[in-house]
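Secondary and tertiary structure notes
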Amino acid sequence: MSTPLCQGCGACCCNAAENVAAGVRTYVEIDDPRSRLLTRADLRNRYVTEIDGAPYLRLDGAGEVQRCAALRGKLGFSVSCVVYTHRPAPCRRVEPGDRECLRARAERGLG
Ligand code: SF4
Ligand code: SF4
């Protein structure tokens with residue numbers, strides 16, 4: 001199997017099905033207080049939400065597919081992250097082809 005390309009995917013930029021089913025929207029925590037996502041008001045207002053006093057990436061959508069507000073494009077075809085240089089640590093940890101990647105892709109029918 002070849003390594004998937006992120007620019008044609010975006011699956012891990014969506015809330016996991018398990019979270020959606022449980023009504024959990026604490027998707028990706030922004031745990032670095034120096035993050036531009038927190039220190040820049042324009043980025044914070046658009047891409048961050050506070051849940052129980054902690055900052056998380058905002059999710060768009062209330063149905064089965066809840067996408068990070070910073071994701072642009074069509075899932076599985078062509079996507080990009082508009083805060084790529086400022087993306088939080090959990091976004092940087094996912095590697096194409098690793099377990100989290102494959103789980104996310106399978107949930108979006110991209111397995
Ligand atoms: S699920 Fe995998 S291939 Fe898709 S964007 Fe995430 S790391 Fe890249
Ligand atoms: S910040 Fe970027 S990399 Fe992280 S989930 Fe959102 S769109 Fe994906």
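None of these values were measured; they are calculated from a predicted model.

**Section: the environment of arginine 108**
As for its placement among the helices and strands, arginine 108 is situated in the segment after helix H5 (99-107). The spacing of arginine 108 and cysteine 14 is 94 residues in sequence and 9.0 Å in space, taken between C-alpha atoms. Discounting chain neighbours no more than four positions away, the residues touching arginine 108 are Ala11, Cys14, Asn15, Glu64, Val65 and Leu75.

**So, the pairing of strand E5 (residues 71-74)**
Sheet topology places E5 next to strand E6 (residues 78-81); four bridges connect them, and they run antiparallel. Residue pairing in the sheet places arginine 72 in a bridge with serine 80 of E6. The loop that links E5 with its antiparallel partner E6 comprises three residues; one of these, glycine 76, has a positive phi angle of about 80 degrees.

**Observations regarding the site of ligand 2**
All residues adjacent to ligand 2 are Cys13, Tyr27, Leu57, Cys68, Ala70, Leu71, Cys81, Val83 and Cys91. In the shell around ligand 2, the residues fall into nine nonpolar, no polar and no charged.

**What to know about H5**
Residues of H5 that are buried include every one of Cys101, Ala104 and Arg105, and no others. One side of H5 holds all its buried residues, which, seen down the axis, span an arc of 100 degrees. Turned more than 90 degrees away from the buried face of H5, the exposed residues are Arg99 and Ala106. Measuring from the side-chain oxygen of the N-cap residue of H5 to the backbone nitrogen of glutamate 100 gives 3.2 Å; that N-cap residue is aspartate 98.

**Focus: the site of ligand 1**
Surveying the vicinity of ligand 1 reveals the residues Pro4, Cys6, Cys9, Gly10, Ala11, Cys12, Val94, Pro96, Cys101 and Arg105. Classifying every residue of the shell around ligand 1 gives eight nonpolar, one polar and one charged.

**A closer look at the side chain of arginine 87**
Inspection of the secondary structure assignment puts arginine 87 in the loop between E6 and helix H4 (89-93). In this structure, arginine 87 is buried with no salt-bridge partner, the nearest side chain bearing the opposite charge being glutamate 95 at 8.3 Å. Engagement of the side chain of arginine 87 in a polar contact is seen with the backbone oxygen of tyrosine 84, the distance being 2.9 Å.

**Some points on the packing of aromatic side chains**
Taken as a whole and assessed by the stated rule, the structure comprises zero aromatic pairs. Taking the ring centre of tyrosine 84 as reference, the NZ or CZ of arginine 87 above it sits at 3.8 Å.

Thresholds, definitions, all that
- Every chain's residues receive numbers from 1 upward, in the order its sequence appears when written.
- Think of it this way: whatever chain is written first is A, whatever ligand is written first is 1, and the rest follow in order.
- Selection of residues for local features in this predicted model requires a pLDDT of at least 70, selection of side-chain atom pairs for listing and counting requires 80 or more, and totals for whole chains, interfaces and linings are taken over all residues.
- Calculated side-chain values reflect all of the structure's heavy atoms, with hydrogen atoms and water omitted.
- Helical segments are the DSSP runs of H or I of at least four residues, strand segments are the runs of E of at least two, and each set is numbered from the N terminus.
- We call two residues in contact when some of their heavy atoms are within 4.5 Å.
- Strands pair, by our definition, only if DSSP identifies at least two bridges between them.
- The cutoff for a nearby residue is simple: one of its non-hydrogen atoms must lie within 4 Å of the molecule or strand.
- In this classification, Asp, Glu, Lys and Arg are treated as charged, Ala, Val, Leu, Ile, Met, Phe, Trp, Tyr, Cys and Pro as nonpolar, and every other residue, Gly included, as polar.
- Residue exposure (1.4 Å probe, protein chains only): buried if accessible area is under 20% of the type maximum, exposed if over 50%, otherwise partly exposed.
- The arc in question is the one traced by the directions running from the helix axis out to the C-beta atoms.
- Throughout this description, a polar contact denotes any pair of N or O atoms lying within 3.5 Å of each other; where both atoms belong to protein, one of them has to be capable of donating a hydrogen while the other can accept it, and for residues adjacent in sequence the pair is counted only when both atoms sit in side chains.
- Positive residues here are Lys and Arg, negative ones are Asp and Glu, while His and the chain termini are left out of the count.
- A side-chain nitrogen of Lys or Arg and a carboxyl oxygen of Asp or Glu constitute a salt bridge if their distance falls within 4 Å.
- Geometry of aromatic contacts follows a simple scheme: Phe, Tyr and Trp rings, the Trp one being its six-membered ring, pair when their centres are within 6.5 Å, and the pair is stacked under 30 degrees between planes, edge-to-face over 60, tilted otherwise.
- Here, over-ring charges are defined by two tests on the NZ atom of lysine or the CZ atom of arginine: distance to the ring centre within 6 Å, and angle to the ring normal within 35 degrees.

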